[in-house]
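Residue-level structure breakdown
Residues per chain are reported as follows:
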Amino acid sequence: MTPDEIFEALATAGPGRFPRTALIAAVEQQQAVTPLLLDELRRQLDAEFAPAIATDGYWRHHFAIYLLAYFREPAAYPLFVQMGALPREILFNAIGDTVTENFGSQLAAVCHGNTRGIERLIEDPTLNEYVRTAAISALEILFAIGELDRDALQNRLSRFATRWLDAAEAGEEPSDATAWVWATLVWLAARIDAQELVPMIRRAFELQLVDYSLDGGAERFERVMAEHRNRPKPYEPSHGVRLPGHPVEELERWYCFQAPAQRIPRSFDGRPVVPRVPAPARAATKVGRNDPCPCGSGKKYKKCCGN
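None of the values given here were measured: they were computed from a predicted structure.

A word on the overall build of the protein
- Within the protein, the secondary structure is distributed over 16 helices and zero strands.
- For the protein, the residues scored as buried account for 43% of the 307 residues in total.
- The long-range share in the protein, meaning contacts at least 24 apart out of those at least 6 apart in sequence, stands at 70%.
- When the accessible surface of the protein is summed, it comes to about 17000 Å², and 51% of that surface belongs to carbon and sulfur atoms.

What to know about the nonpolar core
- Grouped together as the largest cluster of nonpolar side chains are 88 residues, with contacts concentrated most on F63, F80, M83, L107, I118, W182 and F221.
- In this structure, F80 is in contact with L41, I65, L68, A69, F103, Q106, L107 and V110, ignoring residues within four places of it in sequence.

Topic: helix 2 (residues 20-28)
- Looking only at helix 2, the buried set comprises A22, L23, A25 and A26. Viewed along the axis of helix 2, the buried residues span an arc of 165°, placing them on a single side of the element. Turned more than 90 degrees away from the buried face of helix 2, the exposed residues are T21 and E28.
- Those residues of helix 2 that are buried are in contact with helix 1 (3-9), helix 3 (30-46), helix 5 (60-71) and helix 16 (247-251).

A word on the packing of aromatic side chains
- In this structure the tally under the stated criterion is 15 aromatic pairs.
- An angle of 55° between the planes, with centres 4.7 Å apart, marks the rings of W59 and F257 as tilted. Placement of W59 in the loop between helix 4 (50-54) and helix 5 and of F257 in the segment after helix 16 is noted, with a sequence separation of 198 residues between them.
- With relative accessibility at 3%, the residue F257 sits in the buried group.
- Measuring from ring centre to ring centre gives 5.5 Å for W164 and W182, while their planes differ by 70°; the resulting arrangement is edge-to-face. Separated by 18 residues along the polypeptide, W164 in helix 12 (residues 150-169) and W182 in helix 13 (residues 176-191) bring together distant segments of the chain.
- On the accessibility criterion, W164 (11% relative accessible area) is buried.
- Owing to a relative accessible area of 1%, W182 belongs among the buried residues under this scheme.

With respect to the side chain of E119
- For E119, the location among the structural elements is in helix 10 (residues 116-123).
- Setting aside anything within four residues of it in sequence, one finds E119 in contact with R156, R159 and F160.

Observations regarding the environment of A9
- Relative to the elements of secondary structure, A9 occurs in helix 1.
- Classification of A9 as partly exposed rests on a relative accessible area of 30%.
- Spatially, the C-alpha atoms of A9 and R60 are 8.5 Å apart, while their sequence positions differ by 51 residues.
- Contacts of A9, omitting those with residues within four sequence positions, involve M1, P19 and A22.

Side note on the side chain of Q154
- Secondary-structure assignment places Q154 in helix 12.
- Look at Q154 and you get buried, because its relative accessible area is 7%.
- Residue contacts for Q154: discarding those within four places in its chain leaves A194, Q195, E196 and L197.

Focus on the pattern of salt bridges
- Inspection of every chain in the model, using the stated rule, returns 16 salt bridges.
- A salt bridge links R72 to E147; the shortest N-O distance between them is 3.1 Å. Separated by 75 residues along the polypeptide, R72 in the loop between helix 5 and helix 6 (77-84) and E147 in the loop between helix 11 (129-144) and helix 12 bring together distant segments of the chain.
- The exposure class of E147 is partly exposed, given its relative accessible area of 31%.
- In this structure, E206 engages R203 in a salt bridge whose closest nitrogen and oxygen atoms are separated by 3.1 Å. One end of the pair, E206, and the other, R203, are both in helix 14 (residues 198-206), three residues apart, so they sit about a helical turn from each other.
- Beyond isolated ion pairs, a larger network of salt bridges with shared partners links E8, E40, R43 and R60.

Comments concerning helix 5
- Between its terminal C-alpha atoms helix 5 stretches 16 Å, which fits the 16 Å expected from twelve residues at 1.5 Å a residue.
- Buried within helix 5 we find R60, H61, H62, F63, A64, I65, Y66, L67, L68, A69 and F71.
- Following helix 5 by one or two positions, R72 has its phi on the positive side, about 60°.

Cut-offs applied
Residues numbered from 1 in each chain as written. Predicted model: local features only at pLDDT ≥ 70, side-chain atom pairs only at ≥ 80, totals over all residues. Heavy atoms only, no water. Helix = DSSP H or I, 4+ residues; strand = E, 2+ residues; numbered from the N terminus. Buried < 20%, exposed > 50% of the residue type's maximum accessible area, 1.4 Å probe, protein only. Contact = heavy atoms within 4.5 Å. Areas by Shrake-Rupley, 256 points an atom, 1.4 Å probe, with all protein chains shown as cover. Core = buried A, V, L, I, M, F, W, Y, C linked by side-chain atoms within 4.5 Å. Arc of directions from axis to C-beta. Phe/Tyr/Trp six-rings, centres within 6.5 Å; stacked < 30°, edge-to-face > 60°. Salt bridge = Lys/Arg side-chain N within 4 Å of Asp/Glu carboxyl O. Expected span 1.5 Å × (residues − 1).

Structure below.
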């Protein structure tokens, strides 16, 4: 396929129409297709994704994001940051679950250690919580892959926490979104054993700034940090803390691309849900009149329940 043919093949998709061949060809011709993908993303951002949202089954912008992230294309970084700053409704209409599932790894992939844009997303209180928490997860990924050291990560978390505490102490009313972002920061601090942040996090819990629905509350945090102090262990990234994979691997199993006859219900962790098949009904055992009564009375059936 030529770059123009690849670009055209990525325009639309839907049930039973996943452009596997075009995505593989795009990866093989990375240098040739990258300018086309960047132009697509710029065009959509200039119009706040209105052309993509208005066209049924339009997917080119989406595939461009996944390809550019897989390429670790640095020119995509300011575009991704600009995308994250869009109003919530526009962003979710444009890229849907990518915001919650993959945006953090995509930001990490294209920033190449320049975290200024990621930090702007985290600190902007007007943005939705999913973008801000995705940006925090991007910092963790950079730490996990060795592009951000522990001190640099801890310093950034400390700066965020200090600013948010100062705002709360000054009487600013924290939003529900900020409470969720606080919780994300708290548990990242716990995972990297950031003992220096404990006093600030304790104060955040006292001021009820942290969303308790995410991984528990202050008691669990104190227990985790005490375990770190008593038995230090190295940081271990969880399964989702990684750079983006090949777009085919990332997208092919999405439910929206499965033909109706091929759609398999899956659980939240991606495993197929096997329908429960009831056991075959057993014929009732016939009780003779002189047999012991099945009720357990000790009498013969004819003298008890069979009477």
